[in-house]
Every structure is written in structure tokens, then in C-alpha cells.
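# Remarks on the overall topology
Here is what each chain is made of, one letter per residue.
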Amino acid sequence: MNNSKRAEIFARLAASNPAPTTELDYKTPYQLLVAVVLSAQATDKGVNRATRPLFRAHPTPESIVALGIEGLEEYIQSIGLYRTKARNVVELSRLLLERHGGEVPHDREALEALPGVGRKTANVILNTVFGEPTIAVDTHIFRLANRTGLAPGKDVREVEDRLNKVVPAEYKVNAHHWLILHGRYICKARTPDCPRCVIVDLCEFKDKTRE
DNA sequence: ATCCCGAGGG
DNA sequence: CCCTCTGGAT
């Protein structure tokens, strides 16, 4: 796929998507960090259902640490991987207080040093909280990038590197949100909604119904 | 490569 | 019933 085609794809995604936003409910950078950690292998709806009452009762790292692992498990039991996540979130909150004054650090190394936080989560925070031009490649974006031919790669890191080379400068900060929304609602895993897709004509996948 | 883990979609 | 969901750590 050539670059003018790619530029056209980003232009259309920009035009067809609403203002960039996450679908996770949160009020502070800390809450976003917790919500993203909880979202691993879980749906955003499920995460929001759990975090709404959680954040109402325990909005801060101090409060989550006080709540403790077992207490947190009760809030997030309906999410997959809840034991690991409860441990990670309480420990992560403790480390935030210990190392960063309870604030979410604007620093990739510091973020990835927190339990439960890997490259993908760090990229979401850097982009959404700090406005950096990072692209967090999740399952949606990985599928979209490969399927369409936009930025094919064998693993998540390769797709991320290719996307970073290919995204036009003016879309760097918002590209992540448009890509993920398109992957989630249009270029769906099982049943892609090609009739409603604004880039079908540029897509290498358009005639197939399955990968 | 495998485990952690449960809910909901198709 | 099988698969997927905004992964990360071992």
C-alpha cells in the first residue's frame, strides 16, 4: 500500500470519527490508569460496570490501598483475571504514592515499572493524559492494521513501529483513538461491517468475509 | 508459549 | 458451544 493511499485513509477516519475519547469511565489520570489495567482481556462495558461503584467509593490511590486486595476483588469479580488485576492495582497504587507522590508519572520507564502496566497501557496514558503521539496497539488496532494492509506486522511492536512511520504528522496525537474506534465498531473481528466502512475501497480485505 | 480468568457475543 | 475481549508477566 502506498503513502497517498494511507494519507487518504487517515483523512477519512479523521472526518468520520467524533472527537477523540476513550470509552472507559474515569475522572482523573489515576482512575484512567486503573481502568486501563483492568481492561486487559475484558470489555470496556464490563470494566465500566465495575469501576463506577469502585471509583465512587474509592477515588484515589490512598483509598484503594486502604481497600486492599480482597476488598478490591469484590468490586472486580465480574471481570476476567480479577485476582491478578486486584493484586496489581493495589501494588501499583502503593508504588504511585511511594515513588510519585500519588500522581501518574509522565514517563514511559516509570509507567512500565508499575505492575500490570506494559507497553500498551503506558502508551494509552502517554497519549490520553499527556497528549503524546503514541499509538497503543491492542487487539483491535493489530487486526485493523493487518487486515486492511495499512501497517501489517507479525507482532504488536512491529505494527506500532510501522504505524508511527505512516501516520501523517497532523494526525499523530489523535490517530490512536480513531483507529481503535474503527477497529471496535466497524472492522470487527468476526463480522466486519464493510458496508458502513469509509475506507472499504482502499482495503486489501474488502472481498473476504473471514481472515 | 503459557497462564491468568469471567462475561457476553455470534 | 466456541471465540473474543482496548494484555502483562513468567
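Residues numbered from 1 in each chain as written. Chains lettered and ligands numbered in written order. Predicted model: local features only at pLDDT ≥ 70, side-chain atom pairs only at ≥ 80, totals over all residues. Heavy atoms only, no water.

What follows is about the nonpolar core. Core analysis: the largest hydrophobic core is formed by 32 residues, its most contacted members being L33, L72, L92, L111, L114 and V117. Elements with a minimum of two residues in this core: α2 (29-38), α3 (44-57), α4 (61-76), α5 (82-100) and α7 (119-128). A per-element tally of this core places α2 first, with eight residues. Those residues in contact with V117, other than ones at most four positions away along the chain, are L33, V37, L92, L111, E112 and A122. (Core = buried A, V, L, I, M, F, W, Y, C linked by side-chain atoms within 4.5 Å. Buried < 20%, exposed > 50% of the residue type's maximum accessible area, 1.4 Å probe, protein only. Helix = DSSP H or I, 4+ residues; strand = E, 2+ residues; numbered from the N terminus. Contact = heavy atoms within 4.5 Å.)

Glancing now at the UniProt feature "binding site: [4Fe-4S] cluster" (unreviewed entry) in chain A. If you check UniProt for "binding site: [4Fe-4S] cluster" (unreviewed entry), the listed places come out as C187, C194, C197 and C203 in our numbering. What stands out for the annotated residues spanning 17 residues is how close their C-alpha atoms remain, the widest pair being 10.7 Å apart. Considered against the largest cavity, the annotated residues that line it turn out to be C187, C194, C197 and C203. Look at C197 and you get buried, because its relative accessible area is 14%. Those residues in contact with C197, other than ones at most four positions away along the chain, are H182 and I186. Among the secondary structure elements, C203 is positioned in the segment after α10 (175-185). Note on C203: relative accessible area 12%, which makes it buried. Not counting residues up to four positions away in its chain, the partners in contact with C203 are R147 and T148. (UniProt positions renumbered as here; feature names shortened; annotations may be inferred. 1 Å grid on protein atoms, 1.4 Å probe; cavity = no way out; pocket = protein on both sides within 12 Å on 5 of 7 lines; lining within 4 Å.)

Annotation of chain A at the domain level lists domain 1 (3-20 + 135-202) and domain 2 (29-128). The gap between the C-alpha centroids of domain 1 and domain 2 is 27 Å. Counting from both sides, the interface comprises ten residues of domain 1 and, opposite them, seven residues of domain 2. Both faces considered, domain 1 and domain 2 share a buried interface measuring about 710 Å² in area, 41% of it formed by carbon and sulfur atoms. (Domains from an automatic or database assignment. Buried area = accessible area lost by both parts, 1.4 Å probe.)

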